[in-house]
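# Residue-level structure breakdown
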Amino acid sequence: MKKGLKFVCLLLTMLMVSSQLVYAASPTTDPRYATTHQAIILDTDIGNSTDDLFAMEILYKMMDAGLVDLKGVIVDRPGNGFTELADIENVYHGYPNIPIGVERNGITGTKVYIDYRMLDDLKNPDGSKMFARSDTDLSNNLDGYKLYRKLLAKEPDHSVKVILIGFVSSFVQFLESAPDEYSPLSGQALASQKIDSVYIMATKLGESNELGYNLRQDIPLAKRFVAELPSNVTTYLSPSPVGDALEYKPSEVLSDLADVDVHPIKQTYMYKNCDTGQRMWDHLCVLNAVFPGTFVYSERGDLTINDDATVNFTPNPNGKFMYQRQGGEEWYAQHREILRNYTKMQNKIK
Ligand SMILES: [Ca+2]
């Protein structure tokens, strides 16, 4: 059995034995436990905390294993150098042709905790770039909301999962977009027709009613996001308290990457202080999307956002929101292992 496939089986087994699991059937034979070639659009604020890098790392390796089909990456962080990081990621992991959408009108002025844009400047001893880039002139890339429209228009109905691990500027612009050359549908109608579900790292539900980092940067925008999501698109929140207990120490990261000389995560941890109190939040949205049925969620409900950066979650069997619940000690031990195994796993040679 190939190393990648073997690991996926191990991962499924680990998820299966988790005390958090709902179902009892064998995950390796039950399609409820993993997706196959699941179409995904990733929307990230890459270039701040490193957990976006781990979410991407996992997605590319899931591509290698045939679990997902990453249709596009939206970089929801305006400013020079962030889109280039997504390009470095695509190229490094062997997927240079995954399109990248750019947010040019989004949230600015937020604190960048770990600025790893220097990856694009690193050189090999012979003067060549340490991290290769695609030939694409990124200044011509589509706006993020346009890329949503272009990608979704081509996909079967109710087939795409959207993973939001940053701000929601591009996604809201997409929801509010008008018919164009890609689709005669409005953004909301396109979302309702094409998107299966949304996975967003947001709120502190389960611990408090705080809105959380990603949404509180622009509360009017967050309100539009919640109000304009189509009612048939179930949206799974991954509240920050779930990831708060998932620490991946810089020393462990570097140890797990000891066998490779050059890796975007390794060089980030070598050159930057990553001991900032960050935890591993974002990749949980990926796991939630790709292993449906293996996590425990709240009941369905409605979400409203208040001006004081709090939320109200009101149970409603017809509500479009659910939130992931925190695991126990055993669950966290297993999820630390899952994360570390993904880091250690080699990309498939293409
Ligand atoms: Ca993020």
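Residues numbered from 1 in each chain as written. Predicted model: local features only at pLDDT ≥ 70, side-chain atom pairs only at ≥ 80, totals over all residues.

## Thoughts on the overall build of the chain
A tally of helices and strands in the chain yields 13 helices and nine strands. In terms of C-alpha radius of gyration, the chain reaches 19 Å, essentially the compact-globule figure of 20 Å for 350 residues. Taking the principal axes of the C-alpha coordinates as reference, the chain spans close to 60 × 45 × 40 Å. Buried residues in the chain amount to 45% of all 350 residues. Partitioning the contacts of the chain with sequence separation of at least 6, the portion at a separation of at least 24 is 82%. (Helix = DSSP H or I, 4+ residues; strand = E, 2+ residues; numbered from the N terminus. Rg over C-alpha atoms; globule rule 2.2 N^0.38 Å. Buried ≥ 20, exposed ≤ 12 C-beta atoms within 10 Å, placed from the backbone. Contact = placed C-beta atoms within 7 Å.)

## Description of the pairing of strand E6 (residues 234–237)
Pairing of strand E5 (residues 195–200) with E6 involves four bridges; the strand directions are parallel. Counted as the bridge partner of Val-198 is Thr-235 from E6. Both E6 and strand E9 (residues 321–323) contribute to a ladder of three bridges, which runs parallel. Note that in E9 the partner of Leu-237 across the bridge is Tyr-323. (Pairing = 2+ DSSP bridges.)

## Here's the deal with the packing of helix H2 (residues 51–64) against helix H12 (residues 283–290)
Axis separation between H2 and H12 bottoms out at 8 Å; the angle between their running directions is 30°. By the angle between their axes, H2 is roughly parallel relative to H12. Along the contact surface, H2 presents Asp-51, Phe-54, Ala-55, Ile-58, Leu-59 and Met-62, while H12 presents His-283, Cys-285, Val-286 and Val-290. (Axes fitted to C-alpha atoms, helices over the stretch in contact; angles between N-to-C directions. Parallel < 35°, antiparallel > 145°, perpendicular 65-115°, else oblique.)

## Here's the deal with helix H4 (residues 144–153)
With seven of 10 residues buried, H4 lies mostly within the body of the structure. Where H4 is concerned, the buried positions are Gly-144, Tyr-145, Leu-147, Tyr-148, Arg-149, Leu-151 and Leu-152. Turning to H4, the residues buried within the fold contact strand E1 (38–44), strand E2 (68–75), strand E3 (100–102), strand E4 (160–165), helix H5 (169–175) and helix H6 (187–194).

## So, the pairing of E2
Here E2 lies mainly inside the structure; seven of its eight residues are buried. For E1 and E2, the ladder comprises seven bridges, and the chain directions are parallel. Paired with Ala-39 across the bridge in E2 is Asp-69. Where the polypeptide runs from E1 across H2 and back to E2, its parallel neighbour, the crossover connection is right-handed. When E2 meets E3, the two strands line up parallel, connected through three bridges. Looking at the pairing, Val-73 lines up with Ile-100 of E3. Chirality of the crossover, the property in question, places the unit of E2, helix H3 (residues 82–92) and E3 among those that are right-handed. (Right-handed = clockwise from strand over helix to strand, strands pointing away.)

## Things to note about the nonpolar core
The tendency in soluble globular proteins is for nonpolar side chains to be buried as a group. Counting residues in hydrophobic clusters, the biggest one holds 91 residues, and the most contacted among them are Ile-40, Leu-59, Ile-163, Leu-164, Cys-285, Val-286 and Val-290. Ignoring any residue separated from it by four or fewer positions in sequence, one finds Val-286 in contact with Ala-55, Ile-58, Leu-59 and Ile-163. (Core = buried A, V, L, I, M, F, W, Y, C linked by C-beta atoms within 7 Å.)

## What to know about H6
Because each turn of an α-helix spans 3.6 residues, side chains separated by three or four positions end up pointing in the same direction. Looking only at H6, the buried set comprises Gly-187, Leu-190, Ala-191 and Lys-194. Burial along H6 is one-sided: seen end-on, the buried residues are contained in an arc of 100°. Turning to H6, the residues buried within the fold contact H4, E4, H5 and E5. (Arc of directions from axis to C-beta.)

## As for the environment of Ser-177
With respect to the helices and strands, the residue Ser-177 is situated in the loop between H5 and H6. Taking the C-alpha atoms as reference points, Ser-177 and Ala-189, separated by 12 residues in sequence, lie 9.9 Å from one another. Discounting chain neighbours no more than four positions away, the residues touching Ser-177 are Tyr-145, Arg-149, Ser-186 and Gly-187.

## Thoughts on the packing of H2 against helix H13 (residues 329–344)
The geometry of H2 relative to H13 is characterised by a closest axis approach of 10 Å and an angle of 65° between their N-to-C directions. One finds that H2 runs roughly perpendicular with respect to H13. Our pair here, H2 against H13, has a crossing hand that is left-handed. The residues of H13 that touch H2, namely those facing Phe-54, Glu-57, Ile-58 and Lys-61, are Leu-339, Tyr-342 and Thr-343. Looking at the contact of H2 with H13, its residues break down into four nonpolar, one polar and two charged. (Left-handed = near helix turned anticlockwise from the far one by under 90°. Nonpolar A, V, L, I, M, F, W, Y, C, P; charged D, E, K, R; others polar.)

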